[in-house]
Amino acid sequence: ILNTMVSIGLLEDEISANQTEIDTAQVMFDEAKATEEKQYEDMKLHIQLMYEAGNTSYLEAFLASSGFGAMMSQADYIEAFYAYDQKLLKAYKAQKELVEGLQKELEEKKSVLEADKQILETEISRLETLLAEKKAKSESYDAQIAKAKQELQLTIEKVRMIDARSAEDNGTKE
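Residues numbered from 1 in each chain as written. Predicted model: local features only at pLDDT ≥ 70, side-chain atom pairs only at ≥ 80, totals over all residues. Heavy atoms only, no water.

Participant: In this structure, what is going on with the overall build of the protein chain? I would like to understand it.
Facilitator: Counting its secondary structure elements, the protein chain contains three helices and zero strands. Secondary structure of the protein chain in N-to-C order comes out as α-α-α. For the protein chain, the residues scored as buried account for 17% of the 174 residues in total. The contacts in the protein chain between residues at least 6 apart in sequence include a share of 86% that link residues at least 24 apart. (Helix = DSSP H or I, 4+ residues; strand = E, 2+ residues; numbered from the N terminus. Buried < 20%, exposed > 50% of the residue type's maximum accessible area, 1.4 Å probe, protein only. Contact = heavy atoms within 4.5 Å.)

Below, the structure is given as structure tokens:
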């Protein structure tokens, strides 16, 4: 019984620690998901602004330049714009991978927690069964002790009766 109770206590501690880890992982996941969604919205806005501005292609903007200097300025602008687009896309992909990793980790932790809870329920059930068996044995022993006391009391009364008759018989013989 003691081993089972210790096992239950350890499982409860482990479940509590796992729940704390899950809570922390959930906060991290929620923050990462919010960042991912913001980056996605930023990219959508960027694309919308490009479309509304009418810059449908980099080549078109490059060829529309009035001279070589303007063409070079336009080339620098296009390069910077392209680099910014790539930076946004790369950051979004990295954030999306982070979110997927955190989600997987969170699901694994929840799975471990559920398994620990199942083990705890099994241990508690086993302890309850063991306690019921011990209680039944104890009640059986209590009944046996009560019966033995009753038999001892009857035996004591018989011995007293025999002693009393012996004393009477010895008293009448004298």
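Participant: Looking at this model, I keep getting lost on the side chain of Glu36. Mind explaining?
Facilitator: With respect to the helices, strands and loops of the structure, Glu36 is situated in helix H1 (residues 2-53). On the basis of relative accessibility, which here comes to 4%, the residue Glu36 falls in the buried class. Those residues in contact with Glu36, other than ones at most four positions away along the chain, are Tyr92, Gln95, Lys96 and Val99.

Participant: Sorry, what's going on with the packing of aromatic side chains here?
Facilitator: Two aromatic rings are characterised by how far apart their centres lie and by the angle between their planes. A complete count under the given rule lists one aromatic pair for this structure. Look at Tyr40 and Tyr92: their rings are 5.9 Å apart centre to centre, the planes differ by 40°, and that puts the pair in the tilted class. Of the two residues, Tyr40 is situated in helix H1 and Tyr92 in helix H3 (residues 68-173); the sequence distance between them amounts to 52 residues. Residue Tyr40 is classed as partly exposed on the basis of its relative accessible area of 40%. The class of Tyr92 is buried, set by a relative accessible area of 14%. (Phe/Tyr/Trp six-rings, centres within 6.5 Å; stacked < 30°, edge-to-face > 60°.)

Participant: I tried to follow the nonpolar core on my own but got confused; where do I start?
Facilitator: For soluble globular proteins, the rule of thumb is that nonpolar side chains tend to be buried together. Core analysis: the largest hydrophobic core is formed by 13 residues, its most contacted members being Phe29, Leu106 and Leu120. Of all the elements in the fold, those that place two or more residues in this core are H1 and H3. For this core, the element with the highest residue contribution is H1, accounting for seven residues. Ignoring anything within four residues of it in the chain, the contact list for Leu106 reads Ile22, Ala25, Gln26 and Phe29. (Core = buried A, V, L, I, M, F, W, Y, C linked by side-chain atoms within 4.5 Å.)

Participant: What's the story with a nonpolar patch on the surface in this structure? I'm lost.
Facilitator: Together, Ile1, Met5 and Leu131 make up an exposed nonpolar region whose accessible area comes to about 260 Å². Here Met5 is to be found in helix H1. (Patch = residues over 30% accessible without salt bridge, like charges linked within 9 Å, V, L, I, M, F, W, Y side chains within 5 Å. Areas by Shrake-Rupley, 256 points an atom, 1.4 Å probe, with all protein chains shown as cover. Salt bridge = Lys/Arg side-chain N within 4 Å of Asp/Glu carboxyl O.)

Participant: How do you make sense of the pattern of salt bridges when you look at a structure like this?
Facilitator: Side chains that differ in sign of charge can pair as their charged atoms come close. Enumeration over the complete set of coordinates arrives at seven salt bridges. As a salt-bridge pair, Glu41 and Lys44 come within 3.5 Å of each other at their nearest N and O atoms. Taken together, the residues span about one helical turn, with Glu41 and Lys44 both in helix H1 at a distance of three residues. Arg126 is paired through a salt bridge with Glu123; the nearest N and O atoms lie 3.8 Å apart.

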